[in-house]
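As a plain string of letters, each chain reads:
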Amino acid sequence: MASDQQNHLLAFFTAMENQGGVIVQDVPKLDLGLYIENYKGRSRFDRLLLIGQCSVPLCLDALKAAVIEAKQGKDVQRYRDAWECIRVAGPNEPEAQFDDAWVNATTKANKIFTHQLEAELKGYKNNLIKESIRIGHRDLGEHLESIGNLNGAADAYVKMRPDASTISHIVDVGRHIIGIMLQKRDWTGVLANVNKTMPPNMTAEEACHEQPYQKMVAGLAYLGSEKYAEAAKCFLETGDPKACKHYNDVASPNDVAIYGGLLALASMERDELQRKVLDNASFRNYLEREPQIRKAISMFVNCRYSACLEILERYRSDYLLDLYLQKHVSNIFSLIRKKCIVQYLAPFSCVTLDSMTAVFAKPGGSLETELISMIKSGALKARIDAIDKLLVMDSSDPRVAMQINALETIRSYEREALERVRRMSLAAADLEVRGTYRKGLGGGTGGAGGAGGLPGLGEILLDDGESGYGVEGLS
Amino acid sequence: MDRCASVLLAFPPRGDLTDNETYHKAASAHIHRLSKMLKEQSRELVAFSTELFNVLDPAVHSLSYLTILNALMFPSLPADIPQEFVLEKLVTFMMAFDGRQCRYAGLPLLETMEAVGSGRLLPPSVAVEALATAILKLDPSGTMLTSSHLLLASLAYNTDNIQPALPVIDKDIVFYPGMANHENAQYQCDPGLSSASYISRGTGLTKVLKSSMVLEYDLVCGMTYCARQEWDKARAAFERVVTFPTKDGGCSKIMVDGFKKWILVSLLSQGKHSTTPPYTTASTIKTLEVLGRNYVDLAAAFVTDDVQLFKLEADNQQQVWLEDGNAGLVKEVVASYQKWRVLSLQKIYTKISIAEIRLQTKSAETGAVLNKDEDVEALIQSMIIEGMLKGVIEKNDDGTKFLAFLSPTAHPSEQEFQRELKHTAAKLQELTPIFDATNLRLATSREFIKWAVKENKRDKSNDAQDPTLGFDAQIDDEDLMGGLPAN
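Residues numbered from 1 in each chain as written. Chains lettered and ligands numbered in written order. Predicted model: local features only at pLDDT ≥ 70, side-chain atom pairs only at ≥ 80, totals over all residues.

Asker: Got a minute to help me understand the overall build of chain A in this structure?
Answerer: Secondary structure summary: chain A contains 23 helices and 5 strands in total. A compact globule built from 475 residues should have a C-alpha radius of gyration of about 23 Å, whereas chain A, at 31 Å, is more than 25% larger. Projected onto the principal axes, the alpha-carbon positions of chain A cover approximately 90 × 70 × 60 Å. Counting all 475 residues of chain A, 37% fall into the buried class. Within chain A, contacts between residues at least 6 apart in sequence are counted, and of these 57% link residues at least 24 apart. (Helix = DSSP H or I, 4+ residues; strand = E, 2+ residues; numbered from the N terminus. Rg over C-alpha atoms; globule rule 2.2 N^0.38 Å. Buried ≥ 20, exposed ≤ 12 C-beta atoms within 10 Å, placed from the backbone. Contact = placed C-beta atoms within 7 Å.)

Asker: Would you take a moment to explain the sheet that holds strand β5 (residues 401-405) of chain B for this structure?
Answerer: Two pairing modes exist for strands in a sheet, parallel and antiparallel, and in both the strands are linked by backbone hydrogen bonds. Spatially, 6 strands are ordered β1(A)-β3(A)-β2(A)-β3(B)-β5(B)-β4(B) in an open sheet, and the strand pairing comes out mixed. Lying at the two open borders of the sheet, with one neighbouring strand each, are β1 (350-352) of chain A together with β4 (391-395) of chain B. This sheet shows a mean twist of 20° between the axes of neighbouring strands, independent of strand direction. Summarising the sheet, strand β2 (residues 382-385) of chain A and strand β3 (residues 390-393) of chain A pair through 4 bridges and their orientation is antiparallel. Within the sheet, the bridge partner assigned to Asp385 of chain A lies in β3 of chain A and is Leu390 of chain A. (Pairing = 2+ DSSP bridges. Axes fitted to C-alpha atoms, helices over the stretch in contact; angles between N-to-C directions.)

Asker: Mind showing me how you'd approach the interface of chain A and chain B here?
Answerer: It is common to report an interface's size as the accessible area lost on association of the parts. Between chain A and chain B, the contact holds 52 residues from the first and 65 residues from the second. At the level of secondary structure, the elements contributing two or more residues to the side of chain A that touches chain B comprise α22 (367-377), β2, α23 (398-428), β4 (433-434) and β5 (460-461) of chain A. Tallied by class, residues from the side of chain A that touches chain B come to 29 nonpolar, 7 polar and 16 charged. Where β4 of chain A meets strand β1 (residues 246-247) of chain B, 2 bridges bridge the pair, whose relative direction is parallel. In the strand pairing of β1 of chain B, Arg434 of chain A is matched with Lys247 of chain B. (Nonpolar A, V, L, I, M, F, W, Y, C, P; charged D, E, K, R; others polar.)

Asker: Explain unusual backbone geometry to me, please; I cannot follow it from the model alone.
Answerer: The bulk of non-glycine residues show a negative phi, and the bulk of peptide bonds are trans. Residues and elements named next belong to chain A. In the Ramachandran plot, Arg185 falls in the positive-phi region, its phi being about 60° despite a non-glycine side chain. Mapped onto the elements, Arg185 comes out in the loop between α9 (167-184) and α10 (187-193). The exposed category is assigned to Arg185, around which 12 C-beta atoms lie within 10 Å. Phi at Asp430 is positive, roughly 60°, even though this residue is not glycine. Looking at where Asp430 falls in the secondary structure, it is placed in the loop between α23 and β4.

Asker: Looking at this structure, I do not really get the domain arrangement of chain A. What am I missing?
Answerer: In terms of domains, chain A is made up of domain 1 (1-98), domain 2 (113-201), domain 3 (203-345) and domain 4 (348-410). Taking only C-alpha atoms, the centre of domain 1 of chain A and the centre of domain 4 of chain A are 46 Å apart. (Domains from an automatic or database assignment.)

Asker: Just to check I follow, could you spell out the pairing of β4 of chain B for this structure?
Answerer: The side chains of a regular strand alternate, first on one face of the sheet and then on the other. All names here are of chain B. Pairing between β4 and β5: 5 bridges, direction antiparallel. Bridge assignment links Glu394 to a residue of β5, and that residue is Phe402. Where β4 folds back on β5, the antiparallel hairpin that results is connected by 5 residues, among which Gly399 adopts a positive phi of roughly 95°.

Asker: What is the right way to look at the packing of helix α13 (residues 211-227) of chain B against helix α15 (residues 253-270) of chain B in this model?
Answerer: Relative placement of two packed helices is described by the angle separating their axes and the distance separating the axes. All names here are of chain B. Direction vectors running N to C along α13 and α15 enclose 25°, while the axes themselves pass 10 Å from each other. Between α13 and α15, the crossing angle belongs to the class labelled roughly parallel. Of the two possible hands of crossing, α13 and α15 adopt the one that is left-handed. Counting all contacts with α13, which are made through Ser212, Leu215, Glu216, Leu219, Gly222 and Cys226, the residues of α15 involved are Ile254, Met255, Asp257, Gly258, Lys261 and Val265. Looking at the contact of α13 with α15 residue by residue, the class counts come to 6 nonpolar, 3 polar and 3 charged. (Parallel < 35°, antiparallel > 145°, perpendicular 65-115°, else oblique. Left-handed = near helix turned anticlockwise from the far one by under 90°.)

Asker: Hey, could you run me through the pairing of strand β3 (residues 349-353) of chain B in this one?
Answerer: In terms of burial, β3 of chain B is largely enclosed, as 4 of its 5 residues are buried. Bridging between β2 of chain A and β3 of chain B involves 2 bridges; their strand directions are parallel. Each bridged residue has a counterpart across the sheet, and for Asp385 of chain A the counterpart in β3 of chain B is Lys351 of chain B. For β3 of chain B and β5 of chain B, the ladder comprises 3 bridges, and the chain directions are antiparallel. Bridge pairing in β5 of chain B links Lys351 of chain B to Ala404 of chain B.

Asker: How should helix α10 (residues 147-159) of chain B be read in this particular structure?
Answerer: At 3.6 residues per turn, the α-helix brings residues three or four places apart onto the same side. All names here are of chain B. Here α10 spans 18 Å end to end across 13 residues, near enough to the 18 Å set by a 1.5 Å rise per residue. Among the 13 residues that make up α10, 11 are buried, leaving the element largely enclosed by the rest of the structure. When we look at burial in α10, the residues that qualify are Ser147, Ser148, His149, Leu150, Leu151, Leu152, Ala153, Ser154, Leu155, Ala156 and Tyr157. Along its buried surface, α10 packs onto α8 (107-117), α9 (124-138), α11 (166-169) and α13. Positioned one or two residues after α10, Asp160 has a phi angle of 60°, which is positive. (Expected span 1.5 Å × (residues − 1).)

Asker: What am I meant to see in the packing of helix α3 (residues 43-54) of chain A against helix α5 (residues 76-89) of chain A here?
Answerer: Residue and element names in this part refer to chain A. Where α3 contacts α5, the two axes come as close as 11 Å, and the packing angle between them is 15°. By the angle class used here, α3 and α5 are roughly parallel. Considering the relative orientation of α3 and α5, their crossing is left-handed. Between α3 and α5, the residues in contact are Phe45, Leu49, Gly52 and Gln53 and Arg78, Asp81, Ala82 and Cys85, respectively.

Asker: I tried to follow the nonpolar core on my own but got confused; where do I start?
Answerer: Soluble globular proteins tend to bury their nonpolar side chains together. Residues Leu63, Ala66, Ala82, Met216, Val217, Leu263 and Phe300 of chain A are the most contacted members of the largest nonpolar core, which totals 119 residues. In terms of residue count, the dominant contributor to this core is helix α14 (residues 253-267) of chain A (9 residues). Of all hydrophobic cores here, the second largest spans 117 residues; its members include Leu34, Leu90, Ile135 and Ile169 of chain B. (Core = buried A, V, L, I, M, F, W, Y, C linked by C-beta atoms within 7 Å.)

Asker: Just checking my understanding: could you explain the environment of Pro398 of chain A for this structure?
Answerer: Structurally, the position occupied by Pro398 of chain A is in helix α23. As a C-alpha pair, Pro398 of chain A and Val67 of chain A span 331 residues in sequence and 65 Å in three-dimensional space.

Below, the structure written as structure tokens:
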């Protein structure tokens, strides 16, 4: 029985891997039940399904929870998705039985409710009451979103806009639209709309309440478009965690701590980290929820790079199971690692490779190849002495650089000046090569075979055939 | 004969000819007499040529000397005078004539140069040297392209007599015949004149050139340098072909050829295919890149460590290289692949063992690593000797040989830097006459003067009438620091 289950799981994850999914073998530190309690809304199902598809130890639990979650909602497609997974991963589970009755009933009910809402909306429109029309659109949009018709929902939300009259209405519209875009992973769209959730004429109190949402969403969008520095800045400015908790359909305060901390580590220098992260009073509240991040950052600031990397590495599997972070984990980790190496080397002019290996060695990976790739990419300004096993920093001598630069400037000036005069003279002598816009001029005389006949290249001017020069190379 | 001789010896007259005006008048009159004599007394000139040559000095009586040569050589060499004698005189003349005087020589000189450039009269090595000397005598700056340049370049390249032609080919060409607003100067003999002012179709010292001929000249120059394996110079020459100004999306077959060679030579001289300078016409480059696709791909593979990819690119397109006449260059490129790989190691290592280099770099000829460490060592030695690589091969205590790269920023000493700076400053000084000539040409063109006059008028009237148009001018006058007390 147990081995049977193992085989099913193996088949499932092989399929997942073939689809390009991430597979996490290690047991994560998170508790599924507690974890999912942090969230509400449609995000819950997405997270459960993701964990089910990626984590080997949590696969069945997560998928089961996903099926239950889907059946609590109205989105039939989600149920099908979750069922497809659990059908392969654990056919013996009770949740693996396809619930036809529920599907039919829900589909029918959805249809009826949609019609009902549309009819109501029509009624509101006939009555020309702005507020009712807005509410009608909103209800329809929310319903469509809950049954998984995201495009329809987005349309309905957009139609709310003309009837939005107060600031809170406008904010409401913006937030609904962003909600859809987040689900569709439309990061540029999110960034374009994010300012609309904080109109400039808000009172300070309202703004304080809106800020967590706005910064969080903008941060996610920047993260999604791989602009880590901007993203880190947004997360660090999220503000009050209590207000943040209110928006846990997007991300939890714990997530903000992880995203903000990791991205800050990946994009900021040491003094910046100290100033903007560790000494940041409002962000400290977040960091308290994820002490390992705070520890990693303070390790980095205190130059204990190997300890910092070790902590992060321990939590890698957790981060890999995060809905928004998953794709970027390896990228961010390697950025942090590179920064650690560069920072480690900063005070030295010359370091033995052995001592570097002691600090940064990764099981199974040679540090030297990593260093070489860093040097090649320009991230590390140093060179390797393979004989004495040293890493030698490039010394910069500004005077020499200036001298070389000066000579180069003069030479290029001379070259370019001559060339410009030459071109003026050519223009004055009317010697430019002219294009002929007449097509089909190709078959002219002269030794220029081929080029003239090429399709679309009728503009090629065949040079006069009178030349006596052979166009031969060295051969 | 005496009458002839007296006419021929009449110029330059004894006495003071320093004044441009007197010189010009005397020379013009002399030319007039000579051409009359050539027309009427040609037979007499031929008959007494030996004696006449004896009294004339080619360096002093250049115009007269040329007239007799002309009478002898055209329409064909006379049968009754030994050919060697005429040719000897011809060479003497070409090597010795007075450049200032011959600015008046016009068509006869051009015909003579063409006869030499055709390569039929003289052995090629002599012809190339004579022609090159003559061109530089006429235009010591060498900045003006003439039809004789074309003859010289092709003759030198085709007969492989490159060395004597180099003084001419090495010069930077910046002027071309037929430039607008280069009306002949008042006195052609003015020594301060830029060559563009006296070499023109009007003075008969060059023929009219077409754009294709200019392109061909640069292409042939490039190939000449290729033959000498001077890749840097070749690259510059091909670059002139590639960046040749074009209009209306035009492109020429020669430019395509030049583009292909330019890429290959760039690989040899710089190890990569660099982008074209900013003044290149964008549409042309697009066309070129489409037509030179194979070459661009080859260049892209050249800079990678993937030897198989590069070898594949080079081998698969053999037919293309052959058809374009570039097989030889491609071979050179393939041979240099490993050298550039070794060179790229200096960005990563300060010291690296020979064995390691052997493992890390592969030869593009075989697609594999070299067999022995000794081969690698020989390769590195040759690179160091060529000056391509700055480094030394050293031996460790335990006997492992290694290459130590010298720092790429190994700085010149202060003295060296100073010398270099002075040298380049002097070179910049040499550009002044070119700038002056160009300035003069542009500033005296009819269009510019018209525009300048109009601009002058507009400025004044606008200030009074429309304050918004003169905004730019006014912003300077505005007191931006108004709030601060004046100090």
